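Architecture at a glance
The chain contents come next:
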Amino acid sequence: MKIGELVEKLGLETVQGEWKEQELKGGYTSDLLSDVMGHAAQGQALITIQAHKNTVAVATLAGISAIIIANNRPVPEDMIEAAREEGIAVFRSRENQFTLSGRLYALLGGGG
Amino acid sequence: MPFWAAGAEPPPMRYAADLHIHSCLSPCGELSMSPREIARRARAAGLDMAAVTDHNSALNAPAFAAACAGEGITPVFGIEVTTREEVHVLALFEKPDEALELGRIIYAALPPIMNDPEKFGDQVYVDLDENIIGEVDKFLVSAADISLDELAEYIRGLNGLFIPAHVDRPSFSLSSQLGFIPPMAYSALEVTAIPPSVDTGACVLVANSDAHHPDGVGRRRTFFSAPDLAPGTTPGRGPGPRPGFADYRRALLEGRVKPEIPRR
């Protein structure tokens, strides 16, 4: 599944729409960015409520290709700018991390 | 200009500061940690400078100013802010009003979650004589909806020092929350071990006790030199002039500080 397909399938709001289209290789859910750095893998989508520009920095280091902000948290302008520079998609959802993770897991074929 | 010449022996680091101490206003701080008791303990521990830094509030600053005047210690007024990233940052100021102003900004940015004293502890502020003046209703351990960058900006505007707390700890620190130390204009980084377990680059390092009970005051501290001050007449701290906030700030800028951390 491509990143762009997430928007319709998960009903996401696109906050930063300039990304490099690629195949999504899975997902990772965490609100502790040091944990994301340690465990997230290249090409995954990150589901989190940490909406600030350091999330983009960590996503860049971990190779995360899309960030989904849960619970409709406001996304600050400096985060959007940082993500645009890095070509990382930023989406937002009303749903919480649990629900988003469950839906994404199912979409990706139950992990395998 | 410093009074020592280039190449000469640097001035001795004779002054001691502990600028991270919790009072009875922090729900985790003991009720016995009144501003007066903290000032008394700071003096007994041989500190020249001490700061009360409660979680997200500075309401004990006025009492601490009065208490330190009585003990002959230089007070610093601070807050241990919890940012949106859930990173603890020390915001330190010269004047109570500066700390109280930041406290108002933080209070407005705290979520409407109320403290339950039975579960979390009391959040009371007191006068010099340890009479309770009031109680903070919002739970002070919550994260304020203020980012690290916004906080740095507020602190700069109020002439304060911006010092991320215990950056080498596994919780509520830059390293635990973000996984790295982003490049920002830090006044210093607070560490709990030397050498710290995380890469602090070229940042100036300080140590403070983070005391929550009276015996902890001064347990970790930072020595600094103040070359502009005439030295006291006795070695170490003497009856000479006391260092002020500006002396500490300059010492950080010029790297004239030495954190002291006892072995466990």
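Predicted model, so just to flag it, every value in this text is computed and none were measured.

**Remarks on the overall build of chain B**
Looking only at helices and strands, chain B has seven helices and eleven strands in total. The C-alpha radius of gyration of chain B comes to 18 Å, within 12% of the 18 Å expected for a compact globule of 264 residues. Its C-alpha atoms give chain B principal-axis dimensions of roughly 55 × 45 × 40 Å. Counting the 264 residues in chain B, one finds 50% classified as buried. In chain B, once contacts between residues fewer than 6 apart in sequence are set aside, the share between residues at least 24 apart is 71%.

**Let's talk about the pairing of strand β5 (residues 89-92) of chain A**
All names here are of chain A. Because side chains alternate across β5, one face comprises the buried residues Ala89 and Phe91, and the other comprises Val90 and Arg92, equally buried. Note that strand β1 (residues 13-16) and β5 share three bridges and pair antiparallel. Of the residues in β5, the one forming a bridge with Gln16 is Val90. In this sheet, β5 lies alongside strand β4 (residues 66-69) in parallel orientation, the contact comprising four bridges. The residue bridging Ile68 from the neighbouring strand is Phe91, located in β5.

**Considering the environment of Val58 of chain A**
Positionally, Val58 of chain A belongs in helix α3 (residues 53-62). In the structure, Val58 of chain A is positioned 20 residues away from Gly38 of chain A in sequence and 10.0 Å away in space, judged by C-alpha atoms. If sequence neighbours within four positions are ignored, Val58 of chain A has contacts with Leu33, Val36 and Met37 of chain A together with Leu178 and Gly179 of chain B.

**Description of the confidence of the model for chain B**
Across chain B, the average pLDDT comes to 92, with 92% of residues at 70 or higher. Both scores are given for the predicted complex: the pTM is 0.88, the ipTM 0.73.

**Notes on helix α2 (residues 61-71) of chain B**
Three or more residues of α2 of chain B are buried, namely Ala61, Pro62, Ala63, Phe64, Ala67 and Cys68 of chain B. Its buried side turned inward, α2 of chain B meets α1 (35-44), β2 (49-55), β3 (74-82), α3 (96-109) and β5 (124-126) of chain B.

**A look at the environment of Ala63 of chain B**
Relative to the elements of secondary structure, Ala63 of chain B occurs in helix α2. Of the residues examined, Ala63 of chain B has 26 C-beta atoms within 10 Å and is grouped as buried.

**Points about helix α7 (residues 245-253) of chain B**
Residue and element names in this part refer to chain B. Where α7 is concerned, the buried positions are Phe245, Asp247, Tyr248 and Ala251. One side of α7 carries all its buried residues, which in axial view fall inside an arc of 160 degrees. Away from the buried face of α7 by more than 90 degrees, exposed residues Ala246 and Leu253 are located. A positive phi of about 70 degrees marks Gly255, the residue just after α7.

**Details of the interface of chain B and chain A**
Facing ten residues of chain B, the contacting portion of chain A comprises eleven residues. Ranked by the residues each element gives to the side of chain B that touches chain A, the list is headed by helix α6 (residues 174-178) of chain B, at four residues. When grouped by side-chain class, the residues that make up the side of chain B that touches chain A number two nonpolar, five polar and three charged.

Rules of the game
- Position numbers for residues start from 1 in each chain and track the written sequence from start to end.
- The order in which chains are written sets their letters, starting at A; the order in which ligands are written sets their numbers, starting at 1.
- The predicted nature of this model means local features are confined to residues of pLDDT at least 70 and side-chain atom pairs, given and counted, to a pLDDT of 80 or more, with totals for whole chains, interfaces and linings taken over all residues.
- We count a stretch as a helix when DSSP gives it H or I for four or more residues in a row; a strand needs E for two or more, and each element gets its number in order from the N terminus.
- The globule rule used here is 2.2 Å times the number of residues to the 0.38 power, and the radius of gyration it is set against is calculated over C-alpha atoms.
- Our exposure labels follow a C-beta count within 10 Å of each residue's own C-beta, placed from the backbone: buried means 20 or more other C-beta atoms, exposed means 12 or fewer, and partly exposed covers the counts in between.
- By definition, residues are in contact whenever their C-beta atoms, placed on the basis of the backbone, come within 7 Å of each other.
- By definition, two strands form a pair when at least two bridges between them are found by DSSP.
- Residue-level confidence of the predictor is what pLDDT reports, using numbers from 0 through 100.
- By definition, the arc is the one covered by directions from the helix axis to the C-beta atoms.
- Ten residues, namely Ala, Val, Leu, Ile, Met, Phe, Trp, Tyr, Cys and Pro, are considered nonpolar, four, namely Asp, Glu, Lys and Arg, are considered charged, and the remaining ones, Gly among them, are considered polar.

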